[in-house]
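# Observations on the three-dimensional arrangement
Residues per chain are reported as follows:
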Amino acid sequence: MGISLLFAVVGALVASLLSLVPALHIYNVAGFIILATATLGEFVPPEQLAMFFLGMITGYAMLNTIPSIFLAAPDDSTIFVVLPGQKYLLQRRGYEAAVLTGIGGLGGIAVLALLTPVASSFFPTLRTIIQPHLHWILWTVIAYMLISEWPKGSDRAPAGIARWWDGWKSLTAGLITFLLSGLLGFILLYRSLVPVTVAYQNLLPAFIGLFAVPWILQNILSRVELPPQYIAETVDATPWLFLRGTFAGALGGLFAAFFPVVTGGIGGFIAGHATAQRDDRLFIISQGASKVVYYVGGFLFFFVPGLHLTRGGMAWMLSSLWSSYTPQTYYLAVAAVVLTGVISFFMLLLMTRLVITLVGKVHYRWISLGTLVVLLLIVVGMTGWGGLLICAVATGIGLIPVLWGSRRMNCMGVLLLPIALNMAGWGGTIAGWMGLTQ
Amino acid sequence: MKGIAHFITGVAIATFFPEVVHRAAEGSLLPMLGGIAGILPDTLDFKFARYFERYDEEIDPGPEPDAREIAERVVAAMRRAYETGKPQNIMLHTIRLGADLWRQYVIRFDPQAGEVAVRIGPVVNTGQTPLPGSEPEGAEEVRVKVGVPLVHTYDAENRIDIFSGPSFKFVRKGDKLHVHFLDWHRRWSHSLTLAAVVGVGAGLLFGKWAGIVAGLGFAGHVLEDQLGFMGSNLFYPFTKGRVIGLQLLRSGDAIPNFLTVWTAVALMLFNLDRFSAQPLLNPWWFLGLAVVLPVVTLGGLYQWQRRRRKPETKESLQQRDIVSETEEVEIG
């Protein structure tokens, strides 16, 4: 047991460092480890590797807000943290924003730990009940996502059709973004330009192009000047705020973790709407809780006896080597999550201070340019020139919300649209219309 | 209530019909239709009706805003409404300074002092983040006396910064002037008559169950809003005014919104289970733990919170209801 926990701690420490590299997803790292295991032979027993992965994903889920807040390079699960994060940064409170996400993350881990006694009875029952209804639930999420966006016109045109169209431009841009990213998703699903040998990285260039590159370009073009950051001793949040943020975040995160296809971004979106209050602190806490519950909870489902759900890339990869069946392994996994969660929180504090030192010494424009270079190198290095092409197309789509003021969330169409259409049985037909199945 | 509460209520209502649940399990999207109908009344207002509203005056402060001029123009419209008895509908425009820059300003009605207060604020970006040091020098709140009796209305600050600004309607009732915030909201769209029309329309287009689901989803929204203070024009076009709400909750409060979302999800799960071939949940345990317990505890907490609040006039609470609905958090 001690060795297993040690592997988890090492995983968390490794992830704490890797999380600082913008756009380097921990699933990509896990993919390399699995590949190395397959190629070089088993150098770590699978059960210890599982614990290592568990530590890695916990560390990653806690620390991956740092590039989102300080470098504006989010993945889909941290996309919503960027805006309030930048607001805090401009108010010299970037450290506080990172700590608030960490506090939310700790809350999320507490929720996962509290669910342990009921997990093996509750989640299998839940799965049985909703299994036949997954397709319409997914379509319902999409419908809400699209219908809940409000128009953003200036209302300066004359009252009537002209004013209506002025307001609807942003909504139309949102719908186009969803549709175009959905079409890109179809292409990636049926005929990706990413080489087959790295097929598990298929979505990486699209996600970087849709979510990270537009933010960075916007920062470069708008010449963001960061004031010196203040390291606060305390955070401005009450226990009630913490409870509300955690609870809403945990609900969104659990939904995203439990449902196939639904990712952390959707979880964050639901968490944000469930809190539905104009309070940045509450929102940031909920986002911290949501992404930890999504990543860690999703992986923990793999360990729940009687459920054995493979959600997320890490669980899929691990399932090719090892499976967990006993309650003891599950309890050990929960203990590892709690331990590594606490360690990761302190690593978050440390790493945030390091990044603040960096941001204080190098002009933010250079940091943004450097981040952009790192992103592109990761795309080319991992997925080749085909990946770079996908990234370029995705960036074009990701810039539509930036230019028209619509939701960046609509870029999630890259996953939602093809999968939802496939679940409804129409995916093949539409892929045929697009000439992707010949 | 917030959009997500209405939407999920519409979905939950749809699952109360075994036929709908069975069809959904076979590939139908009927519950989704319930959700769409559930959010439709606000969609009609916020995405359509507001754009067709005519204003007697549109105040555009321009790139060099003058707080006194804004306040005086608002007060002039208020006096006009009082003196002529003809309601005055005004809109305040935002101040755009660049692609991502806006000048913020704040307007507040102070019924206690009978004044309108305006203050010019900092430059903000589209994320509503103020740029440090952008407050205009010597910017103080300018107050202008209205000079006519004002009903004790919602007196919090109305911050005007990005995209579009707010609108106000000034109406004389008896010897007092009333301030209606966003008068176009819930004027005709939140009507049970319209719910019936939507139901019949959906029924004719997509069949009986679609009609039932859409009509009830729409009606669910109207009835939920009726729990608050403002109420709605329930039988438009047969009635003209809003029926005052039951005053059980404030539509923007966190607990009622969250409780609605939670209860709707719990009931949806319960319905999906009981209409399945082999129900797994013990109804008493499930309803007790997932519905009754949260309603009692959170409902009790909410009542306790309400008692501790500073008392507000009914008029103020009604206008707050409207304003808080427009304060949807824009995520993403």
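Model, not experiment: these values are computed from the prediction.

We now examine the overall build of chain A. Each helix and strand counted, chain A has 18 helices and 0 strands in total. For a compact globule of 438 residues, the expected C-alpha radius of gyration is about 22 Å, and chain A comes in at 21 Å, within 12% of that figure. Taking the principal axes of its C-alpha atoms as reference, chain A extends roughly 70 × 60 × 40 Å. Taking all contacts inside chain A whose residues are at least 6 apart in sequence as the whole, residues at least 24 apart take part in 80%.

We now examine the overall build of chain B. Tallying secondary structure elements over chain B gives 9 helices and 9 strands in all. If you line up chain B on its principal axes, its C-alpha atoms span 70 × 45 × 45 Å. By the burial criterion, 47% of the 332 residues in chain B qualify as buried. Put simply, of all contacts in chain B between residues at least 6 apart along the chain, 70% involve residues at least 24 apart.

Bringing the domain arrangement of chain B into the picture now. Residues and elements named next belong to chain B. Its domain assignment divides chain B into domain 1 (3-50 + 188-326) and domain 2 (55-181). On a C-alpha basis, the centroid separation for the pair domain 1 and domain 2 is 33 Å. Between domain 1 and domain 2, the contact holds 7 residues from the first and 6 residues from the second. Looking at the side of domain 1 that touches domain 2 residue by residue, the class counts come to 2 nonpolar, 3 polar and 2 charged.

Residues and elements named next belong to chain B. In contact at an axis separation of 9 Å, helix α1 (residues 3-14) and helix α7 (residues 254-274) are set at 20° when each is read in the N-to-C sense. Relative to α7, the element α1 lies roughly parallel. Crossing angle aside, the handedness with which α1 passes α7 is left-handed. On α7, the residues touching I4, A5, I8, T9, V11 and A12 of α1 are N257, T260, V261, A264, V265, L267 and M268. For the contact of α1 with α7, the per-class residue count stands at 10 nonpolar, 3 polar and no charged.

On to the interface of chain B and chain A. At the junction of the two partners, chain B supplies 48 residues and chain A supplies 48 residues. Of all elements in the fold, only α1, α2 (18-25), α3 (30-47) and α7 of chain B reach the threshold of two or more residues within the side of chain B that touches chain A. Top element by residues in the side of chain B that touches chain A is α3(B). It accounts for 8 residues. Residues of the side of chain B that touches chain A, tallied by class, amount to 25 nonpolar, 13 polar and 10 charged.

This part is about helix α10 (residues 204-221) of chain A. Residue and element names in this part refer to chain A. With 18 residues, α10 should reach 26 Å at 1.5 Å per residue; the first-to-last C-alpha distance of 24 Å fits that figure. Its axis deflected by about 35° at A212, α10 carries its strongest bend there, up to four residues before the proline P214. For α10, the buried fraction is high: 14 of the 18 residues fall into the buried class. Phi turns positive one or two residues past the end of α10, at R223, with a value near 50°.

Moving on, we get to helix α7 (residues 116-130) of chain A. In this model α7(A) runs 21 Å from its N-terminal to its C-terminal C-alpha over 15 residues, within 8% of the 21 Å that 1.5 Å per residue would give. A maximum bend of about 30° is found in α7(A) at A:F122, where proline A:P124 lies one to four positions downstream.

The next subject is the nonpolar core. Judged by nonpolar contacts, the single largest core of 180 residues is most densely connected at A:F53, A:L54, A:I57, A:V293, A:V296, A:L300 and B:V213. With residues near it in sequence (within four places) discarded, A:L54 still touches A:A8, A:G11, A:F299, A:A333, A:A336 and A:V337.

The linkage connecting B:Y236 with the following residue, B:P237, adopts the cis geometry, with an omega of 5°. Within the fold, B:P237 resides in the loop between α6 (208-225) and α7. Although it is not a glycine, A:R92 adopts a positive phi angle of roughly 70°. Structurally, A:R92 can be placed in the loop between α5 (79-90) and α6 (94-114). Phi at B:R186 takes a positive value of approximately 60°, unusual for a residue other than glycine. For B:R186, the position within the fold is in the loop between β9 (176-181) and α5 (192-206).

Turning next to the pairing of strand β2 (residues 88-92) of chain B. Residues and elements named next belong to chain B. Counting buried residues in β2 gives 5 out of 5 residues, a clear majority hidden from the surface. In β2, alternate side chains face the same way, and those of Q88, I90 and L92 on one face and N89 and M91 on the other are all buried. Both strand β1 (residues 57-59) and β2 contribute to a ladder of 3 bridges, which runs parallel. Paired with E58 across the strands is M91, a residue of β2. Traced from β1 through helix α4 (residues 67-84) to β2, the parallel crossover comes out right-handed.

Residue and element names in this part refer to chain B. The strand order β1-β2-β8-β9 describes an open sheet built from 4 strands, whose pairing is mixed. Unpaired on one side and paired on the other, β1 and β9 mark the two borders of the sheet. This sheet shows a mean twist of 25° between the axes of neighbouring strands, independent of strand direction. On the sheet, α4 packs against β1, β2, β8 (167-173) and β9 and is oriented at approximately 35° with respect to β8.

In this section: the confidence of the model for chain B. Per-residue confidence for chain B averages 91 on the pLDDT scale, and 98% of its residues sit at or above 70. Taken together, the chains of this predicted complex give a pTM of 0.90 and an interface ipTM of 0.90.

This part takes up the pairing of strand β5 (residues 115-125) of chain B. Residues and elements named next belong to chain B. Buried residues dominate β5, accounting for 8 of its 11 residues. Relative to β5, strand β4 (residues 101-110) runs antiparallel, the two being bridged by 9 bridges. Bridged to Y105 within β5 is I120. In textbook terms, the turn of a hairpin is the stretch between consecutive antiparallel strands, and for β4 and β5 this stretch comprises 4 residues, one of which, G114, has a positive phi near 65°.

A few words on the environment of A:D280. Residues and elements named next belong to chain A. On the secondary structure map, D280 appears in helix α13 (residues 280-300). For D280, a count of 20 C-beta atoms within 10 Å gives the class buried. Residues D280 and N64 lie 216 residues apart in sequence; the distance between their C-alpha atoms is 19 Å. Beyond its immediate chain neighbours, meaning those up to four positions away, D280 contacts P84 and K87.

Criteria and cut-off values
- Residues numbered from 1 in each chain as written.
- Chains lettered and ligands numbered in written order.
- Predicted model: local features only at pLDDT ≥ 70, side-chain atom pairs only at ≥ 80, totals over all residues.
- Helix = DSSP H or I, 4+ residues; strand = E, 2+ residues; numbered from the N terminus.
- Rg over C-alpha atoms; globule rule 2.2 N^0.38 Å.
- Contact = placed C-beta atoms within 7 Å.
- Buried ≥ 20, exposed ≤ 12 C-beta atoms within 10 Å, placed from the backbone.
- Domains from an automatic or database assignment.
- Nonpolar A, V, L, I, M, F, W, Y, C, P; charged D, E, K, R; others polar.
- Axes fitted to C-alpha atoms, helices over the stretch in contact; angles between N-to-C directions.
- Parallel < 35°, antiparallel > 145°, perpendicular 65-115°, else oblique.
- Left-handed = near helix turned anticlockwise from the far one by under 90°.
- Expected span 1.5 Å × (residues − 1).
- Bend = angle between axes of the 7 residues up to and from the residue.
- Core = buried A, V, L, I, M, F, W, Y, C linked by C-beta atoms within 7 Å.
- Pairing = 2+ DSSP bridges.
- Right-handed = clockwise from strand over helix to strand, strands pointing away.
- pLDDT = per-residue confidence, 0-100.

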